[in-house]
Amino acid sequence: MAQDFLGELWVSAEKSFSQIFVVIGLLFCVFNFTNCKSENSTTQINLPTREITDDLSKQIKLPAQVERAVSLAPNLTEIAFAVGAGDKLVGVTSYCDYPLEAQKIRRIGDTMNPNIENIIALKPQIVLVSTASQIETFTKTLDEQSIAVFVTNPNSLDDIYKSIFQIGEIFSREEKAGQIVDELKRRVAEVEVRTSTAKVEKVFLQISKESLFTVGKDSFITDLINRAGGISITSNISMAYLPISKETALALNPDAIILSDSEDNREPSDVFKDSSAVKNGKVFRINADLISRPGPRIVDGLEQMARALHPESFK
Amino acid sequence: MTADKIKKNKKFSAFLSLGVILFLSLLLTIFIASLLGSEKLSFFELNESQRAILFDIRLPRILVGACVGASLAVAGASLQSLLRNPLAEPYLLGVSNGAALGTMLAFAFFAQIEFARPIMAFAGASLATFAVYQMAKSRAGMNTERLVLSGVIVTTFLSSIIVLLTSLLDAAKLRSFTFWLLGDLSQATKNGFYLTLLVAALGTIILSSQAKALNLMMTGERDAFDFGVEVKKTRLIVFGTASALVGISVAASGSVGYVGLIVPHLVRLAIGSDNRLVVPFSAIVGAIFVVLADTIARTAIAPRELPVGAITALVGAPLFIYLLRRN
């Protein structure tokens, strides 16, 4: 008896359940239909007329004039402002605090977890991304909305110049970008001349104190140290950023320590207390925003670094 | 009509209407969730980009969340009955971690193949299930402590492999993975929805079809055998299906914890422990639970997001303690 009842119950439950899924399926068919329609009309507005190549060697189609862009990294926001296209930015990340005008732009989450709903609502023609770190589904979704994604991945000062040129090209500001790069190159050359005769210092660059992080061969900061008349003692490691064991760090015994200065990275790690850098007072703080953002201000960072390492060359 | 039969009919219609009410509340939850988000949408005059946000981003995510919730709750409900253990839960047994490891391996070695992730997740979940079961069973049968301990061992072992793997990936990818490991629905896509829906629906139907056997298994494997249950076959079906459900969920959204624990317990408190009801009802309640949790994850600190697994654990753990104390 009880079995009958439950059997009956099960059959009806199964029925209603399968109906549920049919309904959901139907709903989805409707969504797809409405959407196909809308996609056709978007392509007409943003008719792509030119192509550029990003750092992942991907061809990006762009309209003649880019009027609406979203930047997902502070360095790209800074470059856009530098080439005079700050007014074209309609969305930036919560880290984009420079220049001051950038703080008035709509925030769309942070670099690692941008909010895709907000981005689409802003109707950008292009989204500027700083590394390949973005999850591929994110790029795919933007592709489906016919929003271009431009990826930059600078590993050296020359790559940063390239980023500036590329962003100049995106916003049709090639001339201004060229001027900026020429000026930056002039300043870099001056630093290199001044430090060329100085003794090369073995530098440890501390990104964070706890846990101890530094830069490897693939970081543009390593290039920066070279040009400032130093050599990064961790430049033989082929990574961009890496955690380093305290034992190894202690054995490195750097001549100088540069701290990427931020709230939790004001002091050198305790393992350096007997190093020649600490004994000789060669511990320098440089604003993290200047040396960790591959944008135009990187040369300010370079100049500060060179002056710190070789004060005698700048007398 | 005898008094007995009338009583049964009454009970039957009561459960049926409860099912209908639950289903309507799921639809209502989905509807309300689709109104909420980091972008304000007015439902009656949607422009193009708003339509794209609703139909291409928000709704697929909500529906994937519903499927994930249903899958995990159904997997939890049937594992608890099969193992006669109220603490059997995909996340606590390490099954989710197995699926997570599978997904990560697929990401590292077969990044180009879209279907590699759910398949590897399923493989990982199955292996973890098998390992836990082998460790937990003994000649004297399987007691709660043994099972929980085996779960802890498998979970921590797999966690350590996951940590090893993430430290080999570069820093940027690592950060997005740590978010995903906590349970994150932000990568849900339409294609992902079709697949999760398919697996969730099939899995729920298959496990509901085993409900009668599961009811008998709850009294003990020997008794079940005496009643004509093919114990080995049932075990294989339940383990396999639960692994597929957990695998597809983890591939879609990482490890969303506590759903498989909280939801079946709530359902049992409300309607008793007959699996013919517990399994399908858990599917609906699980879907509601995850959709609600993800709505909080999407909106609480907008435009930034929280991982949905943090919300389910935050709600789930205290609720679970409360349930334990009430019993």
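On a predicted model such as this, the values are computed, not experimentally measured, just so you know.

### Some points on the overall build of chain B
The secondary structure content of chain B amounts to 14 helices and zero strands. Start at the N end of chain B and walk to the C end: the helices and strands fall as α-α-α-α-α-α-α-α-α-α-α-α-α-α. Here chain B has a C-alpha radius of gyration of 20 Å; the compact-globule value for 327 residues is 20 Å, and the two agree. Put simply, chain B has 327 residues, and 52% of those count as buried. Within chain B, residue pairs in contact and separated by at least 24 positions form 78% of the contacts whose partners lie at least 6 positions apart.

### Describing the sheet that holds strand S4 (residues 89-91) of chain A
Residues and elements named next belong to chain A. Pairing within the open sheet is parallel, and its four strands lie in the order S4-S3-S5-S6. A single partner strand is all that each edge strand has here, and the edge strands are S4 and strand S6 (148-151). This sheet shows a mean twist of 35° between the axes of neighbouring strands, independent of strand direction. Pairing geometry for strand S3 (residues 69-71) and S4, over two bridges, is parallel. Bridged to Ala69 within S4 is Leu89. Set on the sheet, helix H2 (residues 74-82) makes contact with S3, S4 and strand S5 (126-129); between it and S3 the angle comes to about 135°.

### Some details on the nonpolar core
Formed by 170 residues in total, the largest nonpolar core has its most connected members in A:Val83, A:Val127, A:Leu224, A:Met305 and B:Val290. Looking at this core, the element that brings in the most residues is helix H2 (residues 48-82) of chain B, giving 20 residues. Non-local contacts of A:Leu224, meaning those with residues more than four positions away in its chain, are made with A:Leu157, A:Ile291, A:Ile298, A:Gly301, A:Leu302 and A:Met305.

### Focus: the domain arrangement of chain A
Interfaces are often sized by the amount of accessible area the parts lose when they come together. All names here are of chain A. Under the domain assignment used here, chain A contains domain 1 (50-172) and domain 2 (197-314). Put simply, the middle of domain 1 and the middle of domain 2, counted by C-alpha atoms, are 29 Å apart. Taken residue by residue, the interface counts 14 residues in domain 1 and 12 residues in domain 2. Taken together, the elements giving at least two residues each to the side of domain 1 that touches domain 2 come down to H2 and helix H5 (157-170). Its residues assigned to classes, the side of domain 1 that touches domain 2 shows eight nonpolar, four polar and two charged.

### Some remarks on the confidence of the model for chain B
Residue and element names in this part refer to chain B. Chain-level statistics for chain B give a pLDDT mean of 87 and a share of 94% at 70 or above. For chain B, per-element mean pLDDT is lowest for helix H7 (residues 171-181), which scores 67, and highest for helix H13 (residues 275-299), which scores 95. Scored as a complex, the prediction yields pTM 0.78 and ipTM 0.71.

### Observations concerning the confidence of the model for chain A
Per-residue confidence for chain A gives a mean pLDDT of 85, with 83% of residues at or over 70. Note on residues 32-44 of chain A: pLDDT is under 50 here. Beyond four places in sequence and across chains, it has 11 contacts.

### Quick notes on the packing of helix H8 (residues 190-209) of chain B against H13(B)
All names here are of chain B. Where H8 meets H13, the closest approach of the two axes is 9 Å, and the angle between their N-to-C directions is 165°. Taken as axis vectors, H8 and H13 run roughly antiparallel relative to one another. By crossing handedness, the relation of H8 to H13 is classed as right-handed. The residues of H13 that touch H8, namely those facing Thr204, Leu207 and Ser208, are Arg276, Val279, Pro280 and Ala283. For the contact of H8 with H13, the residue count by class is four nonpolar, two polar and one charged.

Conventions adopted
- Residues numbered from 1 in each chain as written.
- Chains lettered and ligands numbered in written order.
- Predicted model: local features only at pLDDT ≥ 70, side-chain atom pairs only at ≥ 80, totals over all residues.
- Helix = DSSP H or I, 4+ residues; strand = E, 2+ residues; numbered from the N terminus.
- Rg over C-alpha atoms; globule rule 2.2 N^0.38 Å.
- Buried ≥ 20, exposed ≤ 12 C-beta atoms within 10 Å, placed from the backbone.
- Contact = placed C-beta atoms within 7 Å.
- Pairing = 2+ DSSP bridges.
- Axes fitted to C-alpha atoms, helices over the stretch in contact; angles between N-to-C directions.
- Core = buried A, V, L, I, M, F, W, Y, C linked by C-beta atoms within 7 Å.
- Domains from an automatic or database assignment.
- Nonpolar A, V, L, I, M, F, W, Y, C, P; charged D, E, K, R; others polar.
- pLDDT = per-residue confidence, 0-100.
- Parallel < 35°, antiparallel > 145°, perpendicular 65-115°, else oblique.
- Left-handed = near helix turned anticlockwise from the far one by under 90°.

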